[in-house]
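Structure assessment
Residue strings, one per chain:
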Amino acid sequence: SILNKMFFEKRILHLLFYYFWKMEILIMIGIGILLLLGLIGSVIPALPGPPLSYLGLLLSHFFISKMEVDFIFWLGVLVVFITVLDYYLQIYGVKKAGGGKYAIRGSVVGMLLGIFLFPPFGILVGAFVGAYIGAKIEMNQNEVKIAFGALWGFIAGTILKLCTSLYIIYILLF
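As the structure is a computational prediction, the values presented were derived from the model and not from experiment.

Some thoughts on helix α5 (residues 122-137)
For α5, which comprises 16 residues, the first-to-last C-alpha distance of 21 Å matches the rise-based estimate of 22 Å (1.5 Å per residue) to within 8%. Along α5, the residues that are buried comprise Gly122, Ile123, Gly126, Ala127, Gly130, Ala131, Gly134 and Ala135. A positive phi of about 60° marks Met139, the residue just after α5.

Describing the nonpolar core
The biggest cluster of nonpolar side chains holds 12 residues, and these are Ile27, Ile31, Leu35, Tyr54, Leu57, Met67, Ile72, Leu75, Val79, Ile168, Ile169 and Ile171. Taken together, the elements giving at least two residues each to this core come down to α1 (2-43), α2 (49-63), α3 (69-96) and α6 (143-173). The contacts of Ile27, once residues within four sequence positions are left out, are Phe63 and Ile64. Counting residues in each nonpolar core, the second largest holds 9 residues, with Ala103, Ile146, Ala147 and Ala150 among its members.

What about the environment of Ser65?
Take Ser65: it is sitting in the loop between α2 and α3. Residue classification places Ser65 among the partly exposed positions, given a relative accessible area of 36%. With 79 residues separating them in the primary sequence, Ser65 and Val144 have C-alpha atoms 50 Å apart.

Focus on the side chain of Asp86
Of note, Asp86 is situated in helix α3. Setting aside chain neighbours within four positions, we find Asp86 in contact with Gly157, Thr158 and Lys161.

Side note on unusual backbone geometry
Its identity as a non-glycine residue notwithstanding, Met139 has a phi of 60°, on the positive side. Mapped onto the secondary structure, Met139 falls in the loop between α5 and α6.

Considering the packing of α2 against α6
Running from amino to carboxyl end, α2 crosses α6 at an angle of 15°, the nearest separation of the two axes being 8 Å. Looking at the two axes, α2 sits roughly parallel to α6. Between α2 and α6 the crossing geometry is left-handed. Between α2 and α6, the residues in contact are Gly49, Pro50, Ser53, Tyr54, Gly56, Leu57 and Ser60 and Lys161, Thr164, Ser165, Ile168, Ile171 and Leu172, respectively. Per-class residue counts for the contact of α2 with α6 are 6 nonpolar, 6 polar and 1 charged.

With respect to the side chain of Thr164
Of note, Thr164 is situated in helix α6. Residue classification places Thr164 among the buried positions, given a relative accessible area of 7%. Contacts of Thr164, omitting those with residues within four sequence positions, involve Pro50, Val79 and Ile82.

Here is what the cut-offs are and how they apply
Residues numbered from 1 in each chain as written. Predicted model: local features only at pLDDT ≥ 70, side-chain atom pairs only at ≥ 80, totals over all residues. Heavy atoms only, no water. Helix = DSSP H or I, 4+ residues; strand = E, 2+ residues; numbered from the N terminus. Expected span 1.5 Å × (residues − 1). Buried < 20%, exposed > 50% of the residue type's maximum accessible area, 1.4 Å probe, protein only. Core = buried A, V, L, I, M, F, W, Y, C linked by side-chain atoms within 4.5 Å. Contact = heavy atoms within 4.5 Å. Axes fitted to C-alpha atoms, helices over the stretch in contact; angles between N-to-C directions. Parallel < 35°, antiparallel > 145°, perpendicular 65-115°, else oblique. Left-handed = near helix turned anticlockwise from the far one by under 90°. Nonpolar A, V, L, I, M, F, W, Y, C, P; charged D, E, K, R; others polar.

Below is the structure:
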């Protein structure tokens, strides 16, 4: 009776260890997928890159290893700031170059069409061409300058998002 009880308890502990070990591997795979999607989303505007990477960091914090709560909070604030700033930078680039609302709308529409029509470089070409066409509709004399403003705004936002996602990956790896 005592031997059966010991065998049964040992078997339950073994099954629990095996279950939690498998769950940890699944969580690590989920974290890896979120980090990869975060990197992809840093370049492709349809995916929110840094928030996905931050979600992977939160999964790691809650299930794998603990980090300082203050650090996680301020990193979350940074991720929100970078995400909002990314949307503003392209608009700022067009406005700074002298473009109006048609040029802004053209750069956004061109970027979104470029994703699907000419991947992977269609994003850049689409933003440029869209801003150019929008500036032409506005009858602005600086179409090329406005188009480059949209391009530089997009590139600046992409670099910020990519650096943020890479920093989160660095935190998790080292």
